[in-house]
Structure formats: structure tokens, C-alpha cells
Amino acid sequence: MKKFYIVSCLLLLFGVSLLSAFSFDPNTSVSKTIVVCFTKDAIGTQDRSIDFNIQDGVVVTGLASFDNLAKRYQIVGLERFFDAVKVPQWNDNGIYMQNIYKARLASDDVMDAALAELIKDPALRYAEFETVNRQYFVPNDPMVAQQYALDVIQAYEAWDYTMGSHDVKLAVTDSGVKWNHPDLRANIWVNPAEAPGMTINWDAGTYSGGNGVDAGEGGNKADDLMGWNFYPPVSNNPMQNWPDNYHGTHVAGCAAAVGNNMIGVSGSCPIVSIISCKGAPHTSSVNTVYDGYNQMKYAAEVGAHVINASWGGQTTTGGLNTANTTINYCTNLGALVVVAAGNSNQLHGAGYNDAPGDCTNALCVAATGPSDIKASFSDYGEPIDICAPGEGILSTIIQSNGYTNADGTSMASPIVAGVAALVKSINPDLTPLQLRQRLMMTADYIYDINPNYEGLLGAGR
Ligand SMILES: [Ca+2]
Ligand SMILES: [Ca+2]
Ligand SMILES: [Ca+2]
Ligand SMILES: [Ca+2]
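A. Representation of the packing of aromatic side chains within the structure. Taken as a whole and assessed by the stated rule, the structure comprises 12 aromatic pairs. Residues F38 and Y101 carry aromatic rings whose centres are separated by 5.5 Å and whose planes lie at 80 degrees to one another, so their mutual orientation is edge-to-face. Of this pair, F38 sits in strand β1 (residues 29–38) while Y101 sits in strand β7 (residues 100–105), placing them 63 residues apart in sequence. Using a relative accessible area of 0% as the deciding quantity, one classes F38 as buried. Residue Y101 is classed as buried on the basis of its relative accessible area, which comes to 3%. In this structure an aromatic cluster arises from ring pairing among F38, F66 and Y101. Here the guanidinium or amino end of K102 rests over the ring plane of F81, the centre of that ring lying 5.2 Å away.

B. How the structure looks around the coordination of the calcium ion (ligand 3). Taken together, the protein ligands of the calcium ion (ligand 3) are D141 (OD), D183 (OD), D183 (OD), V258 (O), N261 (OD1), I263 (O) and V265 (O), with distances of 2.2 to 3.0 Å. Mapped onto the polypeptide sequence, the residues donating to the calcium ion (ligand 3) form the spacing pattern D-x41-D-x74-V-x2-N-x1-I-x1-V. Residue V258 is classed as buried on the basis of its relative accessible area of 7%. For N261, a relative accessible area of 22% gives the class partly exposed.

C. Representation of the coordination of the calcium ion (ligand 4) in the model. Here the calcium ion (ligand 4) is held by the protein donor atoms P383 (O), D385 (OD) and D385 (OD), which lie 2.3 to 2.6 Å from it. The residues P383 and D385 share a single accessibility class, namely buried.

D. Layout of the pairing of strand β16 (residues 336–340). Among the 5 residues in β16, 5 count as buried, and that is most of the element. Of the pairings in the sheet, the one linking strand β14 (residues 306–309) to β16 comprises 4 bridges and is parallel in character. Bridged to A309 within β16 is V339. Note that β16 and strand β19 (residues 363–368) share 3 bridges and pair parallel. Paired with V339 across the two strands is C364, which belongs to β19.

Reading the values: rules and limits
Residues numbered from 1 in each chain as written. Chains lettered and ligands numbered in written order. Predicted model: local features only at pLDDT ≥ 70, side-chain atom pairs only at ≥ 80, totals over all residues. Heavy atoms only, no water. Phe/Tyr/Trp six-rings, centres within 6.5 Å; stacked < 30°, edge-to-face > 60°. Helix = DSSP H or I, 4+ residues; strand = E, 2+ residues; numbered from the N terminus. Buried < 20%, exposed > 50% of the residue type's maximum accessible area, 1.4 Å probe, protein only. Lys NZ or Arg CZ within 6 Å of the ring centre and 35° of its normal. Donors = N, O, S within 2.8 Å, 3.2 Å for Na, K, Ca; no water. Pairing = 2+ DSSP bridges.

What follows is the structure, encoded as C-alpha cells:
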């Protein structure tokens, strides 16, 4: 089970069953296509092409066995796999290049049955699905080699399927994001409802031209072009430029630093739209997050699909009510809320709870290291749902538009949030709770190397 964390996560979306003999999957095989190789006897001389015509919409070749199958499975076209072969007499143990054809079917529904029969057709040397060939892609960001977490979660394999989508909105509820960081700006959400008439100065980190009126898109904020500054005095620009308050910027980069842009690092989701919510001042240093639940509510109302909360606190009155209600509201509006477990090596449950991490519908993330061993600082316990790397995570900061390593469940959580955004990008119909379940189902088993935490690290990493 050490393989294919995200990959299996993505493949499951297509209902792959690894158990059946053939299992056509449009993610791995070309749709409505079966590659067939006619025998030399069937075609005649080896450099002739097959003669066929279309009758009642299906291929007729004069080869009775093949034509029967063409009719039964609605083979509607035939085309040569290779164009003119220079050496037609060459053959590979009787397989002639020019005798290989793509049979086009009318539907994907009969692919498995058609292949099973075509394989037995005496007019054919073989029949097989056509593999979808993908680039074995490693992005060009110069610092990705330092991002061990991407290897651990098998991001590169996942990125062969999807790099994400700007249609997926990932909210960072935190201290605010330096949204003009060169390695973030291409992934910053620009609110289409408020954008008309507004102008962004990317270098200055400012914008202008709002009409002072809420466009009514949700969230109830006027001219909220990229998110909202919840920290008094509130404003419509969530830019965070105070170097010490880089937490939100680092979190944003863990999930969503722009991938393959020849700059710095890549988030676990290289292409996505970041909604920035700012709950910290930009004139002094703090380690608190102001108005976090209002940030979550806002993000869900403007359409976030994934909301990250790398913050929380112990509930002193046993009260998770407001936190649970907020997360249930966000879930109902279509957002999965991903939350950091906490950094106190504290057991959750058994009389101790953190909010919002321990909320029923949150995806609560504990931190592991490069070899999947629980990070010494990470909280643990029955409410934890999943683990991700959180030791020495390289990501974006404010100072000099730079990068630094940081430790924390604060980093593990957005790595998971980014994966959630990846999965969402290729299956937009998943509900938040289906998305949450998908991530948990496909996590790797890690209790063998964390024997002292049996049952206390969720579904694994
Ligand atoms: Ca608005
Ligand atoms: Ca407006
Ligand atoms: Ca980058
Ligand atoms: Ca939980």
C-alpha cells in the first residue's frame, strides 16, 4: 500500500476495478478505440490495405468473423495505425506494421465485451486497447527537488493526470496572503463578479476602481476582488506584507504555489484559484487568526470548493458548537474544510478537543515526516482523519518574495487541501464529504511504523 496515494485517489474517480479481465477506463485507454492487427492471410499480400465499406453504419470487410463482431459491437470505422510504411515486407513474427488498424466503436459501453471477442477472431493477430500516453512530467520549478513532500505524496504521478484547474477555488483562511508573490500571483482568484471596472496593480499589491457596492455574488462584501481583510480596519484587499506574518503566505504556497512556472516551488495543486482571507494586521506581528469562522463562512459563500484552516485552539467549555455549525454550513454550500490538527503533541478526544480540527465534518490533518513517522510536535487522537508531511516544508514567504522551510500541521493541512483541489479538478461533481472520503480511502497505511499511535492518526498518510 505504499504506492499511488494520489494516483489511486484520482483513478478511483473513474471507477477502475483492477479485478476484472478487461476494464476499459477512458483515463488510461483511448475512448471508442480498439487496436487490431489483421493477419497476413486476411489482408492478402502484406503491403495491401484492407478493403472495407460501411453498410448500415458499420464496417464490412468481407472477413466473416470480423464482420460479425463489427456488426455486434458497432465498429463504425477503420483506420490504419501507421501511415505509409517504408519497409512493408518487414514483419515482427508475422505482425506487419501496415496491418495494424484502429477500429472505431460507436460507444465505450461495449469496449470490454468487444475486446474479449476480437481477441479470439481468427482474422486478427491481436486486439488491444490503445493506451493514453502521458508525459512523465516533472515541473520546471527550480526548487521542487527540495520539496520531499511532493515525492512522498506521489504528486508527480498525480500531475500526469491533472495539474489542477483555475475553476477550483481554494480558500486560505489565515493571516492573509502576499498575493503578488511571483510564485502565487498566477493562482490568485480574481472575483469575476466584482472585477468589471477594477484595476489590479500587481507590482504594488493594490487595486482600485471599485464602485463601493457588493455585486451580490455571495459573501456580502463590496469590491472584494481577491478575498477580504477581516482584520480591523477591515478592507477589500487581503494583501499581507508584514514579513513576520507570513503564515498565510506559506500555507498558500504549500497548497497552491504556481507549478511549472520556472520559479521557486510548486504547491501540491499547481493550478488553482486561491481566495485569500486575512485575519492579521499588516503593521505588527501576531500569531493569532482573527475572525476565522467568518473567514470560512465568507469563503464558502463566494464559492470556495476547499477551505484550509491552519489554525485552531482548545475548546475550554467543551464547545464545538459554533465551529461545527460553521463547518456544516460550508459543507452544505459545497466546500470541504481542511484543518490542521495542532502542534502540541497532544492527544485529542478523551476530554481534550481543538476547534475547528475536531469538528465532525472537518478533514483534520496531523503531520508526518519524510518517512511517514508522526512528527514529534503533531497532535494525534481519534478525531484526526489523515496525515501529511509537515516537517521542513519549503514554501513561499513575504520577505524578498522568498521561500523558507517551516514545520507544522499548518503545512500538512494545505498539502492535503491542495490534493483535495486536484481531485476536485477532475471530478467537479464530488460533494465535500465524498471528496473527504476519497482522500481518506486512498491514504497509505502507516500504523506499522507508528505502533504507539494505533488508531490515532486517522486513515494514514
Ligand atoms: Ca462582493
Ligand atoms: Ca462592486
Ligand atoms: Ca513555482
Ligand atoms: Ca475527524
